[in-house]
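# Architecture at a glance
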Amino acid sequence: MKRIVVLGGTGFVGQSVCEKLVERFEGCRIVVPTRRLRFGQDLQALPGVEIVPADVNQDAPLARCLQGADAVVNLVAILHGSAAEFERVHVELPRRLAAPWAAVRRLVHVSALGVGPDAPSNYLRSKTQGEEVLRAAALDLTVLRPSVIFGARDRFLNLFAQMQAFVPVVPLAGANARFQPVWVEDVASAVVRCLENPATIGQTYECAGPQVATLADLVRLAGRLSGHPRPVFALPDAVARAQARLMSMAPGVPLMSPDNLDSMKVPNVASGTLPGLQALGIEPAALEAVAPAYLASGQGLARLDRWRAAR
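I will try to describe carefully the structure that is included in this document. (Residues numbered from 1 in each chain as written. Predicted model: local features only at pLDDT ≥ 70, side-chain atom pairs only at ≥ 80, totals over all residues. Heavy atoms only, no water.)

### Some thoughts on the pattern of salt bridges
Counted by the stated rule, this structure contains twelve salt bridges. In this structure, R29 engages E50 in a salt bridge whose closest nitrogen and oxygen atoms are separated by 2.3 Å. Placement of the pair is R29 in strand β2 (residues 29-34) and E50 in strand β3 (residues 49-53), with a sequence separation of 21 residues. According to the relative accessible area criterion, R29 is partly exposed, its value standing at 39%. One salt bridge in this structure joins R145 and E131, with 2.8 Å as the shortest N-O distance. Remark: E131 occurs in helix α4 (residues 122-135) and R145 occurs in strand β6 (residues 140-146); sequence separation between them is 14 residues. Classification of E131 by relative accessible area gives buried; the value is 2%. Three or more residues joined by partner-sharing salt bridges are found here, namely E131, R135 and R145. (Salt bridge = Lys/Arg side-chain N within 4 Å of Asp/Glu carboxyl O. Helix = DSSP H or I, 4+ residues; strand = E, 2+ residues; numbered from the N terminus. Buried < 20%, exposed > 50% of the residue type's maximum accessible area, 1.4 Å probe, protein only.)

### Let's talk about the packing of aromatic side chains
If you walk through the whole model with that rule in mind, you get three aromatic pairs. Seen in terms of ring centroids, F156 and F160 are 5.7 Å apart; in terms of plane orientation they differ by 85 degrees. Their pairing is edge-to-face. Each member of the aromatic cluster is reached from another via a ring pair, and the members are F156, F160 and F179. In this structure, R24 is placed above the aromatic ring of F25, and the distance from its NZ or CZ to the ring centre is 5.2 Å. (Phe/Tyr/Trp six-rings, centres within 6.5 Å; stacked < 30°, edge-to-face > 60°. Lys NZ or Arg CZ within 6 Å of the ring centre and 35° of its normal.)

### Observations concerning the side chain of R106
Among the structural elements, R106 can be located in strand β5 (residues 106-110). Buried within the structure, R106 lacks any salt-bridge partner; D140 is the closest side chain of opposite charge, at an N-O distance of 6.0 Å. A polar contact of 2.8 Å, which involves the side chain of R106, links it to the backbone oxygen of C194. (Lys, Arg positive; Asp, Glu negative; His and termini not counted. Polar contact = N/O pair within 3.5 Å; in protein donor to acceptor, adjacent residues only side chain to side chain.)

### Description of the sheet that holds strand β11 (residues 204-207)
The strand order across the open sheet built from seven strands is β3-β2-β1-β4-β5-β6-β11, with neighbouring strands paired in parallel fashion. Only two strands of the sheet have a single neighbouring strand rather than two, namely β3 and β11. The mean inter-strand angle of the sheet, taken between neighbouring strand axes irrespective of direction, is 20 degrees. As paired strands, strand β1 (residues 3-7) and strand β4 (residues 71-74) are joined by four bridges and run parallel to one another. Paired with V6 across the strands is V73, a residue of β4. (Pairing = 2+ DSSP bridges. Axes fitted to C-alpha atoms, helices over the stretch in contact; angles between N-to-C directions.)

### Digging into a positive patch on the surface
Residues R35, R36, R38 and R88 make up a contiguous surface patch of positive charge. Since its relative accessible area comes to 54%, R38 is described here as exposed. (Patch = residues over 30% accessible without salt bridge, like charges linked within 9 Å, V, L, I, M, F, W, Y side chains within 5 Å. Areas by Shrake-Rupley, 256 points an atom, 1.4 Å probe, with all protein chains shown as cover. Charge placed at Lys NZ, Arg CZ, Asp CG, Glu CD.)

### Description of the nonpolar core
Core analysis: the biggest nonpolar cluster contains 35 residues, and I4, V6, L21, I30, L144 and L195 have the highest contact counts within it. Mapped by element, the contributors of at least two residues to this core are β1, α1 (12-24), β2, β3, β4, β5, α6 (184-196) and β11. Top element by residues in this core is α6. It accounts for eight residues. Once you skip the residues sitting within four places of it in the chain, L144 turns out to touch V108, H109, V110, S111, A112, V187, A190, V191, C194, Y205 and C207. Of all hydrophobic cores here, the second largest spans 33 residues; its members include F156, A161, L235 and L295. (Core = buried A, V, L, I, M, F, W, Y, C linked by side-chain atoms within 4.5 Å. Contact = heavy atoms within 4.5 Å.)

### Details of the environment of D42
Looking at where D42 falls in the secondary structure, it is placed in the loop between β2 and β3. Classification of D42 by relative accessible area gives exposed; the value is 57%. As for D42 and T142, which are separated by 100 residues in sequence, their C-alpha atoms are 27 Å apart.

### A closer look at helix α8 (residues 237-248)
Relative to the 16 Å expected for twelve residues at 1.5 Å per residue, α8 spans 16 Å between its end C-alpha atoms, a close match to the ideal helical length. The set of residues buried in α8 consists of A240, Q243 and A244. Along α8, the residues classed as buried sweep out an arc of 100 degrees about the axis, all on the same side. For α8, the exposed residues lying more than 90 degrees away from the buried face are A238 and L246. (Expected span 1.5 Å × (residues − 1). Arc of directions from axis to C-beta.)

### A few points about the environment of E92
With respect to the helices and strands, E92 occurs in helix α3 (residues 83-98). E92 sits 75 residues away from V17 along the chain, and the two C-alpha atoms are 23 Å apart.

### Describing the pairing of β4
Burial along β4 is two-sided: the face carrying A71 and V73 and the face carrying V72 and N74 are both buried. Taken together, the three bridges between β4 and β5 define a ladder with parallel strand orientation. Its bridge partner being in β5, V72 is matched across the sheet by L107. Tracing the backbone out of β4, into α3 and back to the parallel element β5 gives a crossover that is right-handed. (Right-handed = clockwise from strand over helix to strand, strands pointing away.)

### Some words on the packing of α3 against α4
As a packed pair, α3 and α4 sit with axes 8 Å apart at the nearest point and diverge in direction by 10 degrees. As far as their axial angle goes, α4 and α3 are roughly parallel. Of the residues in α4, those touching α3 at A83, F86, E87, H90, V91, P94, R95, L97 and A98 are N122, Y123, S126, K127, Q129, G130, V133 and L134. Along the lines of polarity and charge, the residues of the contact of α3 with α4 split into nine nonpolar, five polar and three charged. (Parallel < 35°, antiparallel > 145°, perpendicular 65-115°, else oblique. Nonpolar A, V, L, I, M, F, W, Y, C, P; charged D, E, K, R; others polar.)

As C-alpha cells, then:
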C-alpha cells in the first residue's frame, strides 16, 4: 500500500494506529485529516505521516483526502452528544465513505461491542446504523468491535486515577456495568493485521482483553495502581442518572452522561459468537500487565502528584 487515510488519526487510538502503520508499511504515505493542525503535533515526527487540515464531515474536503487512497481506516467516534451529533459522526460519515464519489475500496471500520438495532443508547444505535450503511455498500470492509480501550494516553483509567488523588470517596454511577478492557496497542495491531490480510474482508472481529471486570473494579484498580485507593460506592439508579446528567452539563469533556449509562446496560464484553483478536494472531494483553506502567506513582498523569502535593 502506498497511501492510507486514517480518519480520527489524531485521537487516542489513532496515534497508536499511525505508529503501527508506519512500522509495518515502510514508504507508505499515511494521510491524517484534522480540523486543527495542533491536534496532529505528536504525529508529525513519524516518517511518512502527513497531517492535512480538513473537516471530514464535509464532502469536498473528505473527497480530496480520500483521492488515490489504497485503504481507509475510520476511527472517528464520540462518546457524548445529542442524538443529532451521534447521527452526524457515526452514521453520516460512514454514508459519505460509502458514496460512489468517495471511491473508497478497502475500509477498516472501528465500531463497538454491544451494537444492535435495539440497543438502549444513542451511541450504540448510531454505531449500529453506521455498520449497516457500510455493509450495504460495495466495499472491501472489515469491522472491529472493541470493548473499552485502555492505554497510556487514555481518558478512562487515567481520569479515574486522577480523580482519586483529590476525593475521599468515589460515588459511582453504573458501578456494576461489565467491561472486557482491551489494550490500545492490540487494537492498533488488529487494524494493521486486517489491512495486511485480504482474508479479513467481510469479517467482523471482537476486540476484547482476557479479563471481564465491573466499572467499580476498574475504578478501584486505577486508584490502587496510582497510589490513591478510595472507597467506591455504587449509586442507586435514580441518583446515578441525576449525577450523570449533572456531569454532562459540566464544562469540557464529561466523564459521564445519561447516554453512557444507557450504553452500560449492555455488557461491554465479547459475545463469543464472532472471531476475536486471537483469530488475527494477537494474544490480548492483560490490563494488570500494562496499566501499572502508566498509572503507578511517577508515571502517566500520576507524574504530577508531587506538584499537586506541594500546592
